[in-house]
Amino acid sequence: VRGRENLFNFPSYSITVHRDRRESDKPGIRRKIMIYRKKEELETVMIESCMGGKGIVRMEKLLYAPEEMLEKGRAYVRHTLEPGVSIGQHTHEGEMETMVIVSGNAEHTINGEVQELKAGDIIAAMPGDTHGIVNNGEESLVLIAQVLYE
(Lines give C-alpha, C1' and ligand atoms only; values in the text may rest on other atoms or scores of the structure.)
Protein backbone atom coordinates (compact mmCIF):
# COMPACT_ATOMS: atom_id res chain seq x y z
CA VAL A 1 0.00 0.00 0.00
CA ARG A 2 1.40 3.35 -1.03
CA GLY A 3 0.13 6.91 -0.82
CA ARG A 4 -1.13 9.35 -3.41
CA GLU A 5 2.37 9.98 -4.80
CA ASN A 6 2.01 6.80 -6.89
CA LEU A 7 -1.17 7.85 -8.70
CA PHE A 8 0.74 9.43 -11.58
CA ASN A 9 4.29 8.10 -11.13
CA PHE A 10 3.54 4.45 -11.77
CA PRO A 11 5.69 2.20 -9.58
CA SER A 12 7.53 -0.87 -10.78
CA TYR A 13 5.29 -3.30 -8.90
CA SER A 14 1.98 -4.54 -10.22
CA ILE A 15 -0.86 -3.21 -8.08
CA THR A 16 -1.09 -0.07 -6.00
CA VAL A 17 -3.99 0.28 -3.61
CA HIS A 18 -4.69 3.77 -2.33
CA ARG A 19 -7.15 4.45 0.46
CA ASP A 20 -8.69 7.85 0.00
CA ARG A 21 -7.70 9.76 3.13
CA ARG A 22 -10.59 12.19 2.60
CA GLU A 23 -13.05 9.46 3.55
CA SER A 24 -13.98 8.95 7.16
CA ASP A 25 -12.09 6.36 9.21
CA LYS A 26 -15.31 5.42 11.01
CA PRO A 27 -16.39 1.76 10.79
CA GLY A 28 -18.95 1.07 8.08
CA ILE A 29 -17.72 3.83 5.75
CA ARG A 30 -16.81 2.42 2.33
CA ARG A 31 -13.37 3.50 1.17
CA LYS A 32 -12.43 4.17 -2.44
CA ILE A 33 -9.35 2.48 -3.85
CA MET A 34 -7.12 3.23 -6.80
CA ILE A 35 -6.60 0.38 -9.25
CA TYR A 36 -3.38 -0.13 -11.22
CA ARG A 37 -2.61 -3.09 -13.47
CA LYS A 38 0.20 -3.74 -15.92
CA LYS A 39 -0.78 -4.85 -19.42
CA GLU A 40 0.65 -8.33 -18.89
CA GLU A 41 -1.61 -8.80 -15.84
CA LEU A 42 -4.86 -8.15 -17.70
CA GLU A 43 -7.24 -11.04 -18.17
CA THR A 44 -7.48 -11.78 -21.88
CA VAL A 45 -10.41 -13.58 -23.52
CA MET A 46 -10.49 -14.65 -27.15
CA ILE A 47 -14.06 -14.28 -28.49
CA GLU A 48 -14.96 -16.19 -31.63
CA SER A 49 -17.79 -14.71 -33.75
CA CYS A 50 -18.33 -11.84 -31.28
CA MET A 51 -22.00 -10.78 -31.47
CA GLY A 52 -22.26 -12.84 -34.66
CA GLY A 53 -19.26 -11.14 -36.28
CA LYS A 54 -16.38 -12.72 -38.21
CA GLY A 55 -13.09 -13.97 -36.79
CA ILE A 56 -11.70 -13.75 -33.28
CA VAL A 57 -11.75 -10.61 -31.11
CA ARG A 58 -9.08 -10.33 -28.41
CA MET A 59 -10.69 -8.78 -25.32
CA GLU A 60 -8.58 -7.52 -22.42
CA LYS A 61 -10.53 -6.71 -19.26
CA LEU A 62 -9.36 -3.31 -18.01
CA LEU A 63 -11.78 -3.26 -15.07
CA TYR A 64 -13.83 -6.07 -13.57
CA ALA A 65 -17.45 -5.13 -13.93
CA PRO A 66 -19.62 -4.23 -12.25
CA GLU A 67 -17.72 -4.12 -8.94
CA GLU A 68 -14.79 -2.03 -10.22
CA MET A 69 -17.19 0.27 -12.11
CA LEU A 70 -19.10 1.34 -8.98
CA GLU A 71 -21.93 -1.01 -10.08
CA LYS A 72 -22.67 1.41 -12.99
CA GLY A 73 -21.51 -0.67 -15.93
CA ARG A 74 -20.84 -4.12 -17.30
CA ALA A 75 -17.70 -3.66 -19.37
CA TYR A 76 -14.52 -1.60 -19.61
CA VAL A 77 -12.28 -3.45 -22.08
CA ARG A 78 -9.67 -3.13 -24.78
CA HIS A 79 -10.58 -4.97 -28.00
CA THR A 80 -8.09 -5.91 -30.70
CA LEU A 81 -9.44 -6.93 -34.11
CA GLU A 82 -7.12 -8.11 -36.87
CA PRO A 83 -7.90 -7.08 -40.49
CA GLY A 84 -11.28 -8.43 -41.61
CA VAL A 85 -12.45 -9.26 -38.07
CA SER A 86 -15.75 -7.79 -36.91
CA ILE A 87 -18.09 -7.40 -33.97
CA GLY A 88 -21.55 -8.14 -35.34
CA GLN A 89 -24.62 -5.92 -35.21
CA HIS A 90 -26.13 -5.85 -31.70
CA THR A 91 -28.61 -3.66 -29.84
CA HIS A 92 -28.04 -2.00 -26.46
CA GLU A 93 -31.13 -2.21 -24.26
CA GLY A 94 -30.98 -0.32 -20.96
CA GLU A 95 -27.31 0.56 -21.48
CA MET A 96 -24.98 2.65 -23.63
CA GLU A 97 -21.59 1.83 -25.14
CA THR A 98 -18.74 4.17 -25.97
CA MET A 99 -15.78 3.20 -28.13
CA VAL A 100 -12.54 5.13 -28.59
CA ILE A 101 -10.35 4.06 -31.51
CA VAL A 102 -6.77 3.77 -30.25
CA SER A 103 -5.18 2.60 -33.52
CA GLY A 104 -6.19 1.30 -36.90
CA ASN A 105 -9.21 1.95 -39.11
CA ALA A 106 -12.76 0.69 -38.89
CA GLU A 107 -16.14 0.78 -40.53
CA HIS A 108 -18.80 1.32 -37.88
CA THR A 109 -22.48 0.91 -38.70
CA ILE A 110 -25.03 2.37 -36.29
CA ASN A 111 -28.76 2.31 -36.97
CA GLY A 112 -27.98 1.74 -40.65
CA GLU A 113 -25.54 4.69 -40.96
CA VAL A 114 -21.99 3.77 -42.00
CA GLN A 115 -19.11 5.71 -40.44
CA GLU A 116 -15.40 5.46 -41.25
CA LEU A 117 -13.35 5.64 -38.03
CA LYS A 118 -9.65 6.17 -37.37
CA ALA A 119 -7.40 6.62 -34.33
CA GLY A 120 -8.77 9.25 -31.94
CA ASP A 121 -12.40 8.94 -33.09
CA ILE A 122 -15.15 8.12 -30.58
CA ILE A 123 -18.68 6.77 -30.93
CA ALA A 124 -21.48 6.46 -28.39
CA ALA A 125 -24.25 3.94 -28.98
CA MET A 126 -27.18 5.00 -26.81
CA PRO A 127 -29.92 2.75 -25.35
CA GLY A 128 -31.90 1.25 -28.24
CA ASP A 129 -29.14 1.79 -30.84
CA THR A 130 -28.00 -1.12 -33.02
CA HIS A 131 -24.39 -1.12 -34.15
CA GLY A 132 -21.41 -3.22 -35.23
CA ILE A 133 -17.81 -2.61 -36.25
CA VAL A 134 -15.34 -4.20 -38.69
CA ASN A 135 -11.60 -3.72 -39.11
CA ASN A 136 -11.44 -2.62 -42.73
CA GLY A 137 -7.79 -1.61 -42.56
CA GLU A 138 -4.48 -3.38 -43.06
CA GLU A 139 -3.29 -3.22 -39.44
CA SER A 140 -4.75 -4.24 -36.08
CA LEU A 141 -7.72 -2.24 -34.87
CA VAL A 142 -7.44 -1.43 -31.15
CA LEU A 143 -10.31 0.22 -29.31
CA ILE A 144 -11.40 0.88 -25.74
CA ALA A 145 -15.06 0.06 -25.06
CA GLN A 146 -17.14 0.94 -22.02
CA VAL A 147 -20.72 -0.21 -21.40
CA LEU A 148 -22.68 1.76 -18.79
CA TYR A 149 -26.15 1.05 -17.40
CA GLU A 150 -28.95 3.50 -18.26
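What counts and what doesn't
- Residues numbered from 1 in each chain as written.
- Predicted model: local features only at pLDDT ≥ 70, side-chain atom pairs only at ≥ 80, totals over all residues.
- Heavy atoms only, no water.
- Core = buried A, V, L, I, M, F, W, Y, C linked by side-chain atoms within 4.5 Å.
- Buried < 20%, exposed > 50% of the residue type's maximum accessible area, 1.4 Å probe, protein only.
- Helix = DSSP H or I, 4+ residues; strand = E, 2+ residues; numbered from the N terminus.
- Contact = heavy atoms within 4.5 Å.
- Pairing = 2+ DSSP bridges.
- Axes fitted to C-alpha atoms, helices over the stretch in contact; angles between N-to-C directions.
- Salt bridge = Lys/Arg side-chain N within 4 Å of Asp/Glu carboxyl O.

1. Here's the deal with the nonpolar core
Inference 1: Ranked by internal contacts, the top residues of the largest apolar core, which has 18 residues, are L81, I133, L141 and L143.
Inference 2: Among the elements of the structure, strand 2 (56-63), strand 3 (73-81), strand 5 (95-103) and strand 10 (141-149) are those that each provide at least two residues to this core.
Inference 3: Among the elements that make up this core, the one with the highest residue count is strand 10 (four residues).
Inference 4: Look past the residues within four positions of L81 in its chain and what remains in contact with it is V57, S86, I87, I133, N135, S140, L141 and L143.

2. Concerning the sheet that holds strand 10
Working definition: the strands of a sheet are paired by backbone hydrogen bonds and lie parallel or antiparallel to each other.
Inference 1: Spatially, six strands are ordered 1-2-3-10-5-8 in an open sheet, and the strand pairing comes out antiparallel. Among the strands making up the open sheet, the edge pair consists of strand 1 (43-48) and strand 8 (122-125). Neighbour-to-neighbour, the strand axes of this sheet turn through a mean angle of 25°, independent of strand direction.
Inference 2: Sheet analysis places strand 3 next to strand 10, joined by eight bridges and oriented antiparallel. Looking at strand 10, one finds that V77 is bridged to A145.

3. Some details on the pattern of salt bridges
Inference 1: On inspection of all chains with the given rule, the structure shows seven salt bridges.
Inference 2: Between R78 and E60 there is a salt bridge, with the nearest N and O atoms lying 2.8 Å from each other. Linking R78 in strand 3 with E60 in strand 2, this pair joins segments that are 18 residues apart in sequence.
Inference 3: In the salt-bridge network here, residues are joined through shared partners; they are K39, R58, E60 and R78.

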